[in-house]
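Close look at the chain arrangement
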Amino acid sequence: MNQLPELPERDLPPGRHRLLKEHLMTEIRQADEAPARRSWLRPALVAGAVAAVSAVTLTIAVPSDEQRPAPAASQNATGRAGEATAPTIRDDQFVYIRSKVSWTGYDMGKKTATIEPLREREVWLSVDGSKKGEANDPYRGLEHQLLEADAESLTAYRNLQKLPTDPDKMYDWLNRESQGGSSKEAASFALVGDLVHESLIPPAQAAALYRAAARIPGVFVIDDAVDAAGRHGVAVARIDEGQRQELIFDKETKEFLGERQVAVEDGSMGIKKGDVTSRTAVLERTVVDKRGERS
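This section reports on the structure supplied with the text.

Calculation notes
- Residues numbered from 1 in each chain as written.
- Predicted model: local features only at pLDDT ≥ 70, side-chain atom pairs only at ≥ 80, totals over all residues.
- Heavy atoms only, no water.
- Pairing = 2+ DSSP bridges.
- Helix = DSSP H or I, 4+ residues; strand = E, 2+ residues; numbered from the N terminus.
- Axes fitted to C-alpha atoms, helices over the stretch in contact; angles between N-to-C directions.
- Contact = heavy atoms within 4.5 Å.
- Core = buried A, V, L, I, M, F, W, Y, C linked by side-chain atoms within 4.5 Å.
- Buried < 20%, exposed > 50% of the residue type's maximum accessible area, 1.4 Å probe, protein only.
- Parallel < 35°, antiparallel > 145°, perpendicular 65-115°, else oblique.
- Left-handed = near helix turned anticlockwise from the far one by under 90°.
- Nonpolar A, V, L, I, M, F, W, Y, C, P; charged D, E, K, R; others polar.
- Salt bridge = Lys/Arg side-chain N within 4 Å of Asp/Glu carboxyl O.

Our next topic: the sheet that holds strand β10 (residues 232-240). Here we have nine strands laid out as an open sheet, ordered β8-β7-β6-β3-β13-β12-β11-β10-β9, and antiparallel in their pairing. Two strands in the sheet have a free side with no partner beyond their single neighbour: β8 (142-147) and β9 (220-226). Each strand axis lies, on average, 25° off the axis of its neighbour in the sheet, ignoring direction. Bridge count for β10 against strand β11 (residues 243-249) is seven bridges, and the pairing is antiparallel. Each bridged residue has a counterpart across the sheet, and for Val236 the counterpart in β11 is Leu247. Contacts from helix α4 (residues 184-196) reach β10, β11 and β13 (276-288), with the element oriented near 145° to β10.

Ranked by size, the top nonpolar core spans 26 residues in total, and within it Met170, Trp173, Leu174, Val192, Leu195, Leu209 and Phe249 carry the most contacts. Going through the elements one at a time, α3 (167-177), α4, α5 (203-214), β10 and β11 are the ones with two or more residues in this core. At six residues, the largest contribution of residues to this core is made by α5. When near neighbours in sequence (up to four residues on either side) are disregarded, Leu195 contacts Leu154, Thr155, Leu160, Leu163, Trp173, Leu174, Ile201 and Leu209. One finds Val95, Leu125, Leu147 and Val282 within the second-largest nonpolar core, a separate group that totals 12 residues.

This part is about the packing of α3 against α5. Between two packed helices, the angle of one axis relative to the other and the distance separating the axes together describe the packing. Across the interface, α3 lies against α5 with an axial gap of 8 Å and an inter-helix angle of 70°. Taken together, α3 and α5 sit at an angle that is classed as roughly perpendicular. The handedness of the crossing between α3 and α5 is right-handed. Facing Pro167, Met170, Tyr171 and Leu174 of α3, the residues of α5 in contact are Gln205, Ala208, Leu209, Arg211 and Ala212. Per-class residue counts for the contact of α3 with α5 are seven nonpolar, one polar and one charged.

Examined against the element boundaries, Tyr157 turns out to sit in helix α2 (residues 157-160). Judged by relative accessible area, Tyr157 falls into the buried class, the value being 5%. In sequence terms Tyr157 and Pro202 are 45 residues apart; their C-alpha atoms lie 7.7 Å from each other.

Right, let's get into the pairing of β11. By the criterion of burial, β11 is predominantly enclosed, with seven of the seven residues buried. The side-chain alternation of β11 yields two buried faces, one formed by Gln243, Gln245, Leu247 and Phe249 and the other by Arg244, Glu246 and Ile248. Joining the antiparallel neighbours β10 and β11 is a turn of two residues, in which Glu241 adopts a positive phi near 50°. In terms of strand pairing, β11 meets strand β12 (residues 256-263) through seven bridges, oriented antiparallel. Opposite Gln243, over in β12, you have Ala263 as the bridge partner.

Pairing between strand β4 (residues 104-107) and strand β5 (residues 112-115): four bridges, direction antiparallel. Paired with Tyr106 across the bridge in β5 is Ala113. Here β4 folds back onto β5 in antiparallel fashion, the turn holding four residues, of which Lys111 has a positive phi close to 55°.

Right, let's get into the packing of α4 against α5. α5 packs onto α4 with a crossing angle of 155° between their chain directions and a minimal axis gap of 10 Å. In terms of orientation, α4 lies roughly antiparallel with respect to α5. Remark: the crossing between α4 and α5 carries left-handed chirality. For the pair α4 and α5, contact is made by Val192, Leu195 and Val196 and by Leu209, Tyr210 and Ala213, respectively.

We now examine the pattern of salt bridges. With the rule as written, the count across this model stands at 19 salt bridges. We note a salt bridge from Glu284 to Arg98, for which the minimum N-O separation is 3.4 Å. Taken together, the positions of Glu284 in strand β13 and Arg98 in strand β3 (residues 94-102) put the pair 186 residues apart, joining distant regions of the chain. Assessed through its relative accessible area of 21%, Arg98 is described here as partly exposed. In this structure, a network of salt bridges that share partners links the residues Glu116, Arg119, Arg121, Asp137, Arg140 and Glu198.

Remember that the coordinates give geometry; whether it matters functionally is a separate question.
Here it is in structure tokens:
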């Protein structure tokens, strides 16, 4: 009988931990049908859109040591650019996110990497974490798959409301809570990405998060980056372990568009410099009354 492998709880930020659990469950269900099927080392960092974010200017250190502002984000709870006031959200509701995604899978036997096809993915997450969520990503065998209820989940809306609203305190919190990665700086940037991936962040916490992110050593600006929907924007980025992670914003509206991860050097399992190993685009984000409801 197949059993779920033990997961490194202390080594993965919350968003990647949930995605890894999803993937492992998919592998277990399909193992008897295809024993040689690929498996993941761990998911790439995937950052989704920031919702209900107050307009805020970030100053990012660029490689030339000059200082210039990075994009801010201004969205309402539906994921469209607009006013930054937080909506009234009930505990019994769900956050719904529809995205276009492509990540990288690995065949450990053949020691090769395969970039997944670009496709749409949907998730429904309990506002307070007390009810089961749902993921719809058929490529991974998740056809309206129920997700475990977790009232302690860091990315549940009610728990995000408890995060610091002061940028200094948020920066300290990131340093204290971030785990894994090649360095504390890498772990903190990864945690920023996990906090905005498939979640809804209240405006005060989001503003503090992006000011805090600007202080992470190694963060810089890319003037032209493209998300999974082909939209061009400006990115806040950081390089770690041969990969450049980009959080992409619309140049005019400052709306968060999605993310992209690019290899900056040749890597293991056939990854070549310049390969886009992860890309996402948030197409829709809203709050609904029932799991499975779209509007």
